Amino acid sequence: MPLPTPASEPSITTDPVLIFDSGVGGLSVVRALRAQLPGVPLAYVCDNAALPYGTKADDWLVARIVAVCAAAVAASGARALVVACNTASTLALEALRDRLAIPVVGTVPAIKPAAALSHSGVIGLLATSATVCRPYTDRLIADFAAGRTVVRVAADTLVAQAERLIAGEPVDPAALDRGLAPLWANPALDTVVLGCTHFPLLEGVLAERAPRPVQWVDSGAAIARRVAQVLDPLPPADAQADDPAWATGPVSPGLTRGFAGFGFGAPGLLVL
Ligand code: DGL
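Residues numbered from 1 in each chain as written. Predicted model: local features only at pLDDT ≥ 70, side-chain atom pairs only at ≥ 80, totals over all residues. Heavy atoms only, no water.

A.B. asks: Would you mind going over the site of the ligand with me for this structure?
C.D. replies: The local shell around the ligand holds 14 residues, among which Ser22, Tyr53, Asn86, Thr87 and His198 are the closest. Contact distances for the ligand include 2.8 Å between an oxygen atom and a backbone N or O atom of Gly54. Asn86 places a main-chain nitrogen or oxygen 2.8 Å from an oxygen atom of the ligand. Expressed as a share of its isolated accessible area of 300 Å², the protein-covered part of the ligand is 100%. Classifying every residue of the shell around the ligand gives 6 nonpolar, 7 polar and 1 charged. (Near = heavy atom within 4 Å. Polar contact = N/O pair within 3.5 Å; in protein donor to acceptor, adjacent residues only side chain to side chain. Areas by Shrake-Rupley, 256 points an atom, 1.4 Å probe, with all protein chains shown as cover. Nonpolar A, V, L, I, M, F, W, Y, C, P; charged D, E, K, R; others polar.)

A.B. asks: Quick question: what am I supposed to make of the packing of helix H7 (residues 157-166) against helix H8 (residues 173-180) here?
C.D. replies: When two helices pack together, you describe them by how their axes are tilted relative to each other and by the distance separating the axes. Interhelical geometry of H7 versus H8 gives an angle of 145° and a closest axis separation of 9 Å. For the pair H7 and H8, the sense of crossing is left-handed. Contacts between H7 and H8 involve Thr157, Leu158 and Gln161 from the first element and Ala175, Leu176 and Gly179 from the second. Within the contact of H7 with H8, the residues separate by chemical class into 3 nonpolar, 3 polar and no charged. (Axes fitted to C-alpha atoms, helices over the stretch in contact; angles between N-to-C directions. Helix = DSSP H or I, 4+ residues; strand = E, 2+ residues; numbered from the N terminus. Left-handed = near helix turned anticlockwise from the far one by under 90°. Contact = heavy atoms within 4.5 Å.)

A.B. asks: Help me understand the state of the cysteines, please; the structure alone is not making it clear to me.
C.D. replies: Here a disulfide denotes one covalent bond, and it connects the sulfur atoms of two cysteines. Counted according to the given criterion, the structure contains 0 disulfides. Looking at Cys46, it has no disulfide partner, and the nearest cysteine sulfur is the one in Cys85, 11 Å off. Take Cys46: its relative accessible area is 3%, and that puts it in the buried class. Unpaired in this structure, Cys69 has its nearest cysteine sulfur neighbour in Cys85, at a distance of 9.3 Å. (Disulfide = S-S within 2.5 Å. Buried < 20%, exposed > 50% of the residue type's maximum accessible area, 1.4 Å probe, protein only.)

A.B. asks: Looking at this structure, how should I read the packing of aromatic side chains?
C.D. replies: By convention here, two paired aromatic rings are described through the distance between centres and the angle between planes. Under the definition given, this model contains 3 aromatic pairs. The rings of Tyr44, Phe259 and Phe264 are connected pair by pair, giving a single aromatic cluster. Residue placement shows Arg34 over the ring face of Phe264; its charged tip is 4.9 Å from the ring centre. (Phe/Tyr/Trp six-rings, centres within 6.5 Å; stacked < 30°, edge-to-face > 60°. Lys NZ or Arg CZ within 6 Å of the ring centre and 35° of its normal.)

A.B. asks: Got a minute to help me understand the environment of Ala224 in this structure?
C.D. replies: Inspection of the secondary structure assignment puts Ala224 in helix H10 (residues 220-231). With relative accessibility at 0%, the residue Ala224 sits in the buried group. Separated by 152 residues in sequence, Ala224 and Ala72 have C-alpha atoms that sit 20 Å apart. Apart from residues lying up to four places away in sequence, Ala224 is in contact with Ala32, Leu33, Gln36 and Leu37.

A.B. asks: Would you take a moment to explain the sheet that holds strand E8 (residues 215-217) for this structure?
C.D. replies: Each strand in a sheet pairs with another by means of backbone hydrogen bonds, the pair being arranged parallel or else antiparallel. If you trace the 4 strands from one edge of the open sheet to the other, you get E6-E5-E7-E8, paired in parallel fashion. In this open sheet, the two edge strands, each paired with only one partner strand, are strand E6 (149-154) and E8. For this sheet, the mean inter-axis angle between neighbouring strands, taken without regard to orientation, is 25°. The sheet contact formed by strand E5 (residues 122-127) and strand E7 (residues 191-194) spans 4 bridges and is parallel. Bridge pairing in E7 places Ile123 opposite Thr191. (Pairing = 2+ DSSP bridges.)

Quick look at the structure:
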């Protein structure tokens, strides 16, 4: 008599998890994923031809984000997509989930942990122009920071500085100071949400420019925990070759070296 077929076990595949951002910001999420899930193969796509997202119109962005992610999921054979961009996630998660057949993990500003960490009850939200005023952000604040003061600061200028840092170019201290300045007007502010994935890449230099110590909070570790739940069971932590990457526009040699530092090969051109 044939043996009964064992109950189906979840399979361990080597299909990558695709990380998406407008630019290098998703690398701050890659850092958390590599630390927490070292065996998981990744792929990366950046829409650098349309960078920055934070100052663009919502309707245009939704269509663009869906087109780029759909093309990159097809090119990479990804098993899951991480939208490692607050500006995209607070706008287009629903449209992405409607279009794609794989799990989609989003990134939203870490208002909840920051509200819990703050002693004074005054927290800053440092993000793009788009993210600071989205209804999604209003709901996060109403749900998780009721009774707290949230100082919203649009700091699009920091996006370009993070791009420079990863490309090995010097950052402009005056641009950092201008981006941070509105935070310091409230002397009780003790915690800052880095609500754009580009900003954790700058955390060291931002802390140096701050006039007083504050707690900087980002979403990287929480996203990695969510990805671990989605992927369960996880592949073993083997040494891997470079993971693939794509971009929608030309990538400078400096940026290619920056991607290599996070375990990615030279980005290929994504055809839309
Ligand atoms: N990294 C993106 C975010 O988290 C935004 C950068 C941009 O404006 O393109 O919001």
